[in-house]
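Spelled out, the chains give:
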Amino acid sequence: MTVTLAQFETSPQPEHGDAADAPRVTTVPEPASGADTPAPAEDSTAGAPAEDDPAEAPAEDDPTEAPALDGAEWVEYDPAADPDPVVAPDPVVVRDALDFGVYARTGGWAFALKVARSVRPGGQAAEGTAAVKVSAKAFAELAGCSPERVMRYYKAWDMAADDGLVPQFEVLVPGEEIELPDADVWLAYYTSRNSASSVRGQAITAAAEAEGIRPTKALEVAENPTALRAAILADPGTAEAARGALLDRMKEDPALQTEMARAIARTDDLKKAVASEAKAADRIGYVRQIVEQGQIKTPAGQTVEAPAELRAEAERHLSLLDELDDSEEAGEWAGEAYDTVKGLVAKAVEDDPALRVQERRTRFYSSLQKATKVFEELTLDEVLEEEIFEDDMLQRLEALQEAISSCISTLRRATSPS
C-alpha cells in the first residue's frame with residue numbers, strides 16, 4: 001500500500017503547464033514488514049534539483065500545520081474575514097433571552113403580574129374572571145415557595161394599582177400580558193421583609209422614607225443587630241452615623257437619655273471625657289456670650305458692658321473655635337480663649353475705678369454671706385448632748401471672735417469722719 005501526500009512548498013515551482021497551480025504529489029511506498037523506518041520515497045517529478053526533493057526531508061504528519069495556498073504563496077488565516085455562518089438560535093435559547101429581557105426591563109413586575117392575574121386571596125368570591133384563579137397558598141404550592149412571598153408580590157401590585165400604575169386585579173385574567181412599569185419603580189412598592197407589616201416595621205419604613213432611602217435596606221439592618229454592631233465597631237463612618245442617630249433619638253426618648261447617662265456615669269473613662277468636654281463647652285460658652293450679648297461677667301458676678309477691645313478679642317478666638325473640625329480637639333483652644341478673655345475682663349475691672357470699687361464691695365458681701373451661713377449651720381445642741389466638745393473648738397471660736405471684732409473696728413474707723 002502507498003500513501004499519497006499533498007506536498008506544499010515555498011521553493012520555486014516549474015513554470016510549464018499547470019504544475020505551478022497544483023500541489024506536487026509524493027508517493028511513499030509501504031514499508032517492508034518488520035522495518036522500523038520507511039524506505040526512501042521515489043519522487044515522480046524527476047529532473048528537479050536534489051536539494052528541492054521533498055523525499056529528502058522528514059515527512060510532517062500534523063494536518064493542523066498545513067497552511068492554505070494562494071498560488072505559490074502563504075495565506076494567513078483570518079477569522080474576521082471568514083465569519084461563522086448565520087445559524088438560527090435554538091428556540092429554548094430564544095425563550096430564555098426574551099424572558100431575561102422582560103426581567104431586565106421590568107424587574108419584579110414580571111413576577112408580580114403572574115401573581116396578580118392568577119391569585120385570588122381568601123375571602124374573594126370565585127366568580128367572573130376570578131373563577132379560574134387560585135388562592136395564594138395553592139399558587140405558592142405550585143411555585144414551590146411560601147404563601148407569604150406570594151402575598152408580598154400581591155400587595156406590591158395592589159399598592160401600585162391604587163396609584164394607577166397597573167390595572168386592578170379584577171380586570172386581569174390568567175395568561176394575559178400587559179405593558180409593565182419600569183424596573184426602577186418596583187422597589188417603591190415591594191418589600192422582601194415580613195417585619196414590614198408590624199408596628200415596628202412600619203415605623204422603620206416611615207423613617208427610611210423620611211431619610212430618602214429604600215425601606216428594605218433599613219428593615220434588613222434592623223433584623224441584623226449583630227451585623228450592625230460589627231459595622232459600627234469596624235468602620236468609623238458607620239460609628240459616626242450611629243452616634244448622630246442616637247443623639248437625634250435621645251431628643252425624643254427620655255428613657256434612652258437615662259440609659260446613656262447611666263452607662264457613661266458607670267464608665268470611668270467616659271465620665272472623665274464627659275467632664276473634660278463639659279468644661280471646654282462652658283469655656284466656649286463664656287466667650288460666645290461676650291461676643292453675642294456684648295456683656296461681661298466679672299469675677300464677683302457683676303454683669304457689665306464689654307469694652308470694644310475685649311469684645312474684638314473674644315470674636316477672634318471664637319472664630320478660631322468655630323473653624324475647628326468635629327474631629328479636632330477643642331479643649332486646648334477653648335482653654336486658651338477662656339484664659340485670654342478672662343484676663344481681659346480682670347484688666348477691664350481694674351482700669352475702671354468705679355467698677356473696681358463695686359467689684360470689691362460685691363466680693364466682700366459674698367464672703368460675708370458665706371461666713372454667716374456657715375456659722376448659722378453650727379448646732380450647739382449636738383455638741384452639748386453628745387459630749388463631743390474639745391478645747392480646740394473653743395480656741396477656734398475665740399480666734400474667730402477676735403477676727404470679727406477687728407473687722408468691725410476697721411470698718412467703723414473707715415466710715416467715721418476724720
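Residues numbered from 1 in each chain as written. Predicted model: local features only at pLDDT ≥ 70, side-chain atom pairs only at ≥ 80, totals over all residues. Heavy atoms only, no water.

A. Spotlight on the overall build of the protein chain. Check the secondary structure of the protein chain and you find 15 helices and seven strands. Across the 418 residues of the protein chain, 19% fall into the buried class. A separation of at least 24 residues holds for 50% of the contacts in the protein chain among residues at least 6 apart in sequence. Of the accessible surface of the protein chain, which amounts to about 30,600 Å², a share of 55% is contributed by carbon and sulfur atoms. (Helix = DSSP H or I, 4+ residues; strand = E, 2+ residues; numbered from the N terminus. Buried < 20%, exposed > 50% of the residue type's maximum accessible area, 1.4 Å probe, protein only. Contact = heavy atoms within 4.5 Å. Areas by Shrake-Rupley, 256 points an atom, 1.4 Å probe, with all protein chains shown as cover.)

B. A look at the packing of helix α11 (residues 308–322) against helix α12 (residues 331–351). Closest axis-to-axis distance for the α11/α12 pair is 10 Å, and the angle between their directions is 175 degrees. When the axes of α11 and α12 are compared, the pair comes out roughly antiparallel. Contacts from Leu-310, Glu-313, Ala-314, His-317, Leu-320 and Leu-321 in α11 reach Trp-333, Ala-334, Glu-336, Ala-337, Thr-340, Val-341, Leu-344 and Val-345 in α12. Its residues assigned to classes, the contact of α11 with α12 comprises ten nonpolar, two polar and two charged. (Axes fitted to C-alpha atoms, helices over the stretch in contact; angles between N-to-C directions. Parallel < 35°, antiparallel > 145°, perpendicular 65-115°, else oblique. Nonpolar A, V, L, I, M, F, W, Y, C, P; charged D, E, K, R; others polar.)

C. View of helix α2 (residues 109–118). By the criterion of burial, α2 is predominantly enclosed, with eight of the ten residues buried. All buried positions along α2 are accounted for by Trp-109, Ala-110, Ala-112, Leu-113, Val-115, Ala-116, Arg-117 and Ser-118. Among the structural elements, α1 (91–106), α3 (136–143) and α4 (147–162) are those in contact with the buried residues of α2.

D. Summary view of the packing of aromatic side chains. Applying the stated criterion across every chain yields a total of eight aromatic pairs. Between Tyr-286 and Tyr-338 the ring centres are 5.2 Å apart and the planes differ by 65 degrees, which places this aromatic pair in the edge-to-face class. Of the two residues, Tyr-286 sits in helix α10 (residues 268–293) while Tyr-338 sits in helix α12, which places them 52 residues apart along the sequence. Take Tyr-286 and Tyr-338: they sit in the same class, and that class is buried. The structure contains a cluster of three or more aromatic residues connected by ring pairs, namely Trp-109, Tyr-153, Trp-157, Trp-186, Tyr-189 and Tyr-190. (Phe/Tyr/Trp six-rings, centres within 6.5 Å; stacked < 30°, edge-to-face > 60°.)

E. A look at the nonpolar core. Among the nonpolar cores identified, the biggest contains 24 residues, and Trp-109, Val-115, Val-119, Val-150, Trp-157 and Trp-186 are the most heavily contacted of them. Sorting the residues of this core by element identifies α2, α3 and α4 as the ones contributing at least two each. If near-sequence neighbours (up to four positions away) are discounted, Trp-186 is found in contact with Gly-108, Trp-109, Ala-112, Tyr-153 and Ala-156. Core analysis: the second largest hydrophobic core is formed by 18 residues, Val-287, Leu-318, Leu-321 and Val-345 among them. (Core = buried A, V, L, I, M, F, W, Y, C linked by side-chain atoms within 4.5 Å.)

F. Here's a closer look at the pattern of salt bridges. Inspection of the entire model under this criterion finds twelve salt bridges. Between Arg-243 and Glu-240 there is a salt bridge whose closest N-O contact spans 2.5 Å. Placement of the pair is Arg-243 and Glu-240 together in helix α8 (residues 236–250), with a separation of three residues, close to one helical turn. A relative accessible area of 41% places Arg-243 in the partly exposed class. A salt bridge links Arg-316 to Glu-313, with the shortest nitrogen-to-oxygen separation between them at 2.8 Å. In this pair, Arg-316 and Glu-313 both sit in helix α11, three residues apart, roughly one turn of the helix. By relative accessible area, Arg-316 is classed as partly exposed at 42%. (Salt bridge = Lys/Arg side-chain N within 4 Å of Asp/Glu carboxyl O.)

G. View of α3. Looking at α3, one finds that the buried residues are Ala-136, Phe-139 and Ala-140. Down the axis of α3, the buried side of the element spans an arc of 100 degrees, and every buried residue falls inside it. In α3, the exposed positions angled more than 90 degrees off the buried face are occupied by Lys-137, Glu-141 and Leu-142. As for α3, its buried residues are in contact with α2 and α4. Positive backbone phi, at 75 degrees, marks Gly-144, one or two positions downstream of α3. (Arc of directions from axis to C-beta.)

Take it as geometry only, folks, not as evidence of what the structure does.
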